[in-house]
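Read off the chains here:
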Amino acid sequence: MPRALITGITGQDGSYLTELLLSKGYEVHGIIRPGRSPAQSHLAHLVSDPGVYQRRLFLHFADLDDSDALREAVQRSAPDELYHLAAPSRPGLSFKFPEAACSQIGVGTVRLLEAVRTLSKPPRFFHASSSEVFGRPEAQPQDETTPFRPVTPYGAAKALASQMVSIYRDAYGLFACNGILYNHESPRRGEDFVTQKVCRTAAAIKLGRATELQMGSLAGRRDWGDAREYVRGMWLALQHDTPGDYVFATGQLHSVQDVVEIAFDVVGLDWKQYVRQNPAFIRPNEPVNLVGNPAKARAVLNWNPATEFRSLIADMTRAALAQLSRG
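I will try to describe carefully the structure that is included in this document. (Residues numbered from 1 in each chain as written. Predicted model: local features only at pLDDT ≥ 70, side-chain atom pairs only at ≥ 80, totals over all residues. Heavy atoms only, no water.)

1. Description of the sheet that holds strand β11 (residues 246–248)
In spatial order, the strands read β3-β2-β1-β4-β5-β6-β11; together these seven strands make up an open sheet with parallel pairing. Of all strands in the sheet, those bounded by a partner on one side alone are β3 (57–61) and β11. Within the sheet, the average angular offset between the axes of one strand and its neighbour, ignoring direction, is 20°. Here strand β6 (residues 176–181) pairs with β11 via three bridges, running parallel. Residue isoleucine 180 lies in a different strand from β11, and its bridge partner there is valine 247. Here helix α5 (residues 153–172) sits on the sheet in contact with β5 (124–130) and β6, set at roughly 155° to β5. (Pairing = 2+ DSSP bridges. Helix = DSSP H or I, 4+ residues; strand = E, 2+ residues; numbered from the N terminus. Axes fitted to C-alpha atoms, helices over the stretch in contact; angles between N-to-C directions. Contact = heavy atoms within 4.5 Å.)

2. Focus on the pattern of salt bridges
Considering all chains together, one arrives at 13 salt bridges under this definition. With its nearest N and O atoms 3.1 Å apart, the salt bridge here joins arginine 3 to glutamate 27. Separated by 24 residues along the polypeptide, arginine 3 in strand β1 (residues 3–7) and glutamate 27 in strand β2 (residues 27–32) bring together distant segments of the chain. Here glutamate 19 and arginine 188 are joined by a salt bridge, their closest N and O atoms 2.8 Å apart. Residue glutamate 19 is found in helix α1 (residues 12–23), and its partner arginine 188 is found in the loop between β7 (184–185) and α6 (194–206); the two are separated by 169 residues along the sequence. Given the relative accessible area of 25%, glutamate 19 is considered partly exposed. Each of Asp226, Arg228 and Asp315 takes part in a single network of salt bridges with overlapping partners. (Salt bridge = Lys/Arg side-chain N within 4 Å of Asp/Glu carboxyl O. Buried < 20%, exposed > 50% of the residue type's maximum accessible area, 1.4 Å probe, protein only.)

3. Digging into the pairing of β3
Counting buried residues in β3 gives four out of five residues, a clear majority hidden from the surface. In terms of strand pairing, β2 meets β3 through five bridges, oriented parallel. Each bridged residue has a counterpart across the sheet, and for isoleucine 32 the counterpart in β3 is phenylalanine 61.

4. Focus on the environment of valine 259
On the secondary structure map, valine 259 appears in helix α8 (residues 256–266). Remark: the alpha-carbon pair of valine 259 and cysteine 199, spanning 60 residues in sequence, is separated by 8.1 Å. Those residues in contact with valine 259 that lie beyond four places of it in its chain are Thr195, Val198, Trp224, Phe309 and Ile313.

5. Brief notes about the packing of helix α3 (residues 67–77) against helix α4 (residues 98–117)
Between α3 and α4, whose axes approach to 9 Å, the crossing angle comes to 45°. By the angle between their axes, α3 is oblique relative to α4. Both α3 and α4 take part in a crossing whose hand is right-handed. For the pair α3 and α4, the contacting residues are Ser67, Leu70, Arg71 and Val74 in the first and Gly108, Arg111, Leu112 and Ala115 in the second. (Parallel < 35°, antiparallel > 145°, perpendicular 65-115°, else oblique. Left-handed = near helix turned anticlockwise from the far one by under 90°.)

6. Re the packing of aromatic side chains
The tally for this structure, following the rule as stated, stands at nine aromatic pairs. Taking 5.9 Å as the distance between ring centres and 65° as the angle between the ring planes, the aromatic pair formed by phenylalanine 134 and phenylalanine 148 counts as edge-to-face. Here phenylalanine 134 is found in the loop between β5 and α5, whereas its partner phenylalanine 148 is found in the loop between β5 and α5, with 14 residues between them in sequence. With relative accessibility at 0%, the residue phenylalanine 134 sits in the buried group. An aromatic cluster is built from Tyr230, Tyr246, Phe248 and Trp303, whose rings are joined through pairwise contacts. Sitting over the ring of tyrosine 172, arginine 117 keeps its end group 4.7 Å from the ring centre. (Phe/Tyr/Trp six-rings, centres within 6.5 Å; stacked < 30°, edge-to-face > 60°. Lys NZ or Arg CZ within 6 Å of the ring centre and 35° of its normal.)

Following this line, the structure appears as structure tokens:
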């Protein structure tokens, strides 16, 4: 039975990856922050299953700022594969807490790489990087050769982490991969992300629990894909014969307004009657033209994003409507 360790296991990507690996016969270990309750996370259905929890799914408490705790979790789990997904994941918030972003994302990745490097049998290592490393690129679409030009503290921290993964791969011979992930969404996306905010508020307005949706600019455009397909790409990257870096993206741009129009159309409302602009939600330094070229992942890993954008947003909106209807 192969064994995997996942940081950020309770998040959107971590929970979907856990389900994928369990379906493939893995023993899965996860690192969660001290004080976090797995029973109140996306893993709730798994930790409540006595046939899974503490039999094929095991959790370890550690923080990315704690080198000793990380090293102990890695040594105790002795993984064949390590998926590093944990990070403060809101680029806008990184402007308020730049030191924390750099420490947890950038230096936290180095701490984990050091823990892996000292093992007699280092696991294959996947780092979830971000399209934010490109910031405001001169060309589009971006691929694995596009220079890093981050414009947010989050993007700069991810660039540091990604470069350290490459350094450890070259200097120490680790099987270490960067997955440069473009925006990827699902019904498990956090409520403070723009797609989920739009979908949940549209559903709440439909149910009479909200009266308006306050937004920043609707003109922003992103390459949005389905998180469930992106975690499959993570797994595929570690199954390949040699390590490498891969862009995971759809290659298509859509605007925030597109998200709004689809979500309100699903609930049968005219979005123009409910959406209000609030300058407080405009980020001080916004990346532009971030659209990825997944040609390498397609050719090398046989990875293809199949979910259409409209279907993804409609799925998220219907899920929000169902959840809010249950109370």
